[in-house]
Amino acid sequence: MLFKDIPIQKKLMRIITLISGVVLLVTCVTFYVYEFYKFRQTTLEKLSTIGKIISANGTAALAFADPEDAKELLSSLKSEPHIVAACFYDKEGNLFSQYPSALGINSFPVKPGPKGYRFVHSHLEGFEPVLERTGYLGTLYLKSDLEDMYDRFLLYGVMTVF
């Protein structure tokens, strides 16, 4: 049956249904894009704040070259399940202390990068300088997974389908 042979009432119903479906699709896509950018921004701010706190607390460990204190400070990151790796670098850029300690040395950058945070593949990673009044003591490296975002989008996908 061709579209021209269908009664006007059914044609109107089909057009209204099609328009409603398109509007719903555009609304869902807009919502997903907004959530994606908002989640990235929130995650970046959260990791940046954690980085500033840990680097401020790590000044004594780096100033007195005490890797055990640095290890203890980094182990406090256990309370953040999405932080998968962290380490301190000394002034010369050598790995000083790492979290988790069982992680291989190849899991960390060879040398610290520039200050700031960026999204790399499926992680958010960044470097935060460790500063004291006397100057630069080292650098903190943090790496966080984005599993929370993937879980959230899976939930949104399921909700959209149903």
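An account of the accompanying structure is given in this report.

Observations regarding the pairing of strand 1 (residues 83-89)
Now for step 1: Within strand 1, 6 of the 7 residues are buried, which leaves the element mostly enclosed by the surrounding structure.
Now for step 2: In the sheet, strand 1 pairs with strand 5 (residues 135-145) via 6 bridges, with the strands oriented antiparallel. Considered in strand 5, the bridge of Phe88 is made with Leu140.
Now for step 3: As defined by bridge partners, strand 1 adjoins strand 2 (residues 95-99) across 4 bridges and the pair is classed as antiparallel. Bridge pairing in strand 2 places Phe88 opposite Ser97.
Now for step 4: Taken together, strand 1 and the strand that follows it, strand 2, pair antiparallel across an intervening segment of 5 residues, in which Gly93 is found at a positive phi of about 90°.

Focus on the environment of Ser122
Now for step 1: Of note, Ser122 is situated in the loop between strand 3 (116-120) and strand 4 (123-132).
Now for step 2: C-alpha separation for the pair Ser122 and Leu146, spaced 24 residues apart in sequence, amounts to 6.2 Å.
Now for step 3: The contacts of Ser122, once residues within four sequence positions are left out, are Asp145, Leu146 and Tyr150.
Now for step 4: A distance of 3.5 Å separates polar atoms of two side chains, one belonging to Ser122 and the other to His123.

Examining the packing of aromatic side chains
Now for step 1: One pass over the full model with this rule turns up 9 aromatic pairs.
Now for step 2: Here Phe127 and Tyr141 contribute two aromatic rings whose centre-to-centre distance is 5.1 Å and whose plane-to-plane angle is 40°, an arrangement assigned as tilted. Highlighted residues: Phe127 in strand 4 and Tyr141 in strand 5, separated in sequence by 14 residues.
Now for step 3: By relative accessible area, Phe127 is classed as buried at 2%.
Now for step 4: An angle of 85° between the planes, with centres 6.0 Å apart, marks the rings of Phe153 and Tyr156 as edge-to-face. Here the residue Phe153 and the residue Tyr156 both occupy positions in helix 4 (residues 147-161), the gap between them amounting to 3 residues, near one helical turn.
Now for step 5: By the ring-pair criterion, three or more aromatic residues cluster together here, those being Phe31, Tyr32, Phe36, Tyr37, Phe153 and Tyr156.
Now for step 6: In this arrangement the basic side chain of Arg40 is found over the ring face of Phe119, its NZ or CZ atom lying 3.7 Å from the centre.

So, the pattern of salt bridges
Now for step 1: For the coordinates displayed, the defined rule picks out 2 salt bridges.
Now for step 2: Glu35 is the partner of Arg152 in a salt bridge, and the nearest nitrogen-oxygen pair spans 3.4 Å. Of this pair, Arg152 sits in helix 4 while Glu35 sits in helix 1 (residues 8-57); the two residues are 117 residues apart in sequence, bridging distant segments of the chain.
Now for step 3: Overall, the relative accessible area of 30% leaves Arg152 in the partly exposed class.
Now for step 4: Exposure remark for Glu35: the relative accessible area of 13% places this residue in the buried category.
Now for step 5: Here Glu80 ties to Lys46 by a salt bridge, and the two come within 3.3 Å at their closest N and O atoms. With Glu80 in the loop between helix 3 (67-75) and strand 1 and Lys46 in helix 1, this pair connects stretches of sequence that are 34 residues apart.

The rules we used
- Residues numbered from 1 in each chain as written.
- Predicted model: local features only at pLDDT ≥ 70, side-chain atom pairs only at ≥ 80, totals over all residues.
- Heavy atoms only, no water.
- Buried < 20%, exposed > 50% of the residue type's maximum accessible area, 1.4 Å probe, protein only.
- Helix = DSSP H or I, 4+ residues; strand = E, 2+ residues; numbered from the N terminus.
- Pairing = 2+ DSSP bridges.
- Contact = heavy atoms within 4.5 Å.
- Polar contact = N/O pair within 3.5 Å; in protein donor to acceptor, adjacent residues only side chain to side chain.
- Phe/Tyr/Trp six-rings, centres within 6.5 Å; stacked < 30°, edge-to-face > 60°.
- Lys NZ or Arg CZ within 6 Å of the ring centre and 35° of its normal.
- Salt bridge = Lys/Arg side-chain N within 4 Å of Asp/Glu carboxyl O.

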